[in-house]
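A look at the structure
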Amino acid sequence: MSKDKIPKLFDGSVNELTKPSKPKREDRPLKSKDLKKEKMQKTLYISRDMNRKLIELYADEGRRQSVIVEDAVNLYYYLKLALGDKKFNELLSAAKREDPDFLRGYMEKFKL
């Protein structure tokens, strides 16, 4: 076998492979702004129905799915804080009916 037939696995130098890694940044308490900017790897397990709804939202909104999911989490979080557990659970059960007309009528009593 000649040298030309051996595949090249690494294009850089040996020095690049053996140089020490970058020092870890010091752990400091994160501010609210930092939490929003810092990205984490997200694994989201969802049903096929939920995936279909995400795809429809993505098509309607023209935005990334990650932004839609973040909006949904914010909506869930602040609605729960604003309504309290009992009213929030009522709202969730109304949403789980998957009937937009029923949900619209239910939400009319929340208008400010």
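Please refer to the structure placed before this passage.
Attention in this report is confined to the structure presented alongside it. (Residues numbered from 1 in each chain as written. Predicted model: local features only at pLDDT ≥ 70, side-chain atom pairs only at ≥ 80, totals over all residues. Heavy atoms only, no water.)

1. Description of the overall build of the protein chain
Worth spelling out the cut-off: Where helices and strands are cited, they refer to DSSP runs of H or I of at least four residues and of E of at least two residues respectively, numbered from the N terminus. Only protein chains enter the accessibility calculation, which uses a 1.4 Å probe; a residue whose area is less than 20% of its type maximum is buried, one above 50% is exposed, and one in between is partly exposed. Accessibility throughout is a Shrake-Rupley quantity obtained with a 1.4 Å probe, and a residue counts as covered only by protein chains that appear here.
Per the secondary structure count, the protein chain includes five helices and zero strands. For the protein chain, the proportion of its 112 residues judged to be buried stands at 5%. Put simply, the protein chain shows about 11,300 Å² of open surface, and 56% of that area lies on carbon and sulfur atoms.

2. With respect to the packing of aromatic side chains
The line we're drawing: Aromatic contacts are taken between Phe, Tyr and Trp rings whose centres are within 6.5 Å, Trp giving its six-membered ring; a plane angle under 30 degrees counts as stacked, one over 60 as edge-to-face, and the others as tilted. Here, over-ring charges are defined by two tests on the NZ atom of lysine or the CZ atom of arginine: distance to the ring centre within 6 Å, and angle to the ring normal within 35 degrees.
Applying the stated criterion to the full structure yields two aromatic pairs. With a centroid separation of 4.8 Å and an interplanar angle of 85°, the aromatic rings of Tyr76 and Phe88 are classed as edge-to-face. Residue classification places Phe88 among the buried positions, given a relative accessible area of 3%. Positioned over the ring face of Phe102 is Arg97, at 3.9 Å from the centre of the ring.

3. Topic: the environment of Leu54
Among the structural elements, Leu54 can be located in helix α3 (residues 48–61). Of the residues examined, Leu54 reaches a relative accessible area of 9% and is grouped as buried. With 15 residues separating them in the primary sequence, Leu54 and Val69 have C-alpha atoms 8.4 Å apart.

4. A short note on the pattern of salt bridges
A side chain of one charge can pair with a side chain of the opposite charge when the charged atoms of the two come close. Basically, it comes down to this: Salt bridge, as used here, is a side-chain nitrogen of Lys or Arg placed within 4 Å of a carboxyl oxygen of Asp or Glu.
Applying the stated criterion across every chain, the model contains six salt bridges. Two residues, Arg63 and Asp71, come together in a salt bridge whose shortest N-O distance is 2.1 Å. In this structure, Asp101 and Arg104 form a salt bridge, with 2.9 Å as the shortest nitrogen-oxygen distance. You can see Asp101 and its partner Arg104 sitting in helix α5 (residues 100–107), three residues apart, about one turn around the helix.

This is a description of form; function is not addressed.
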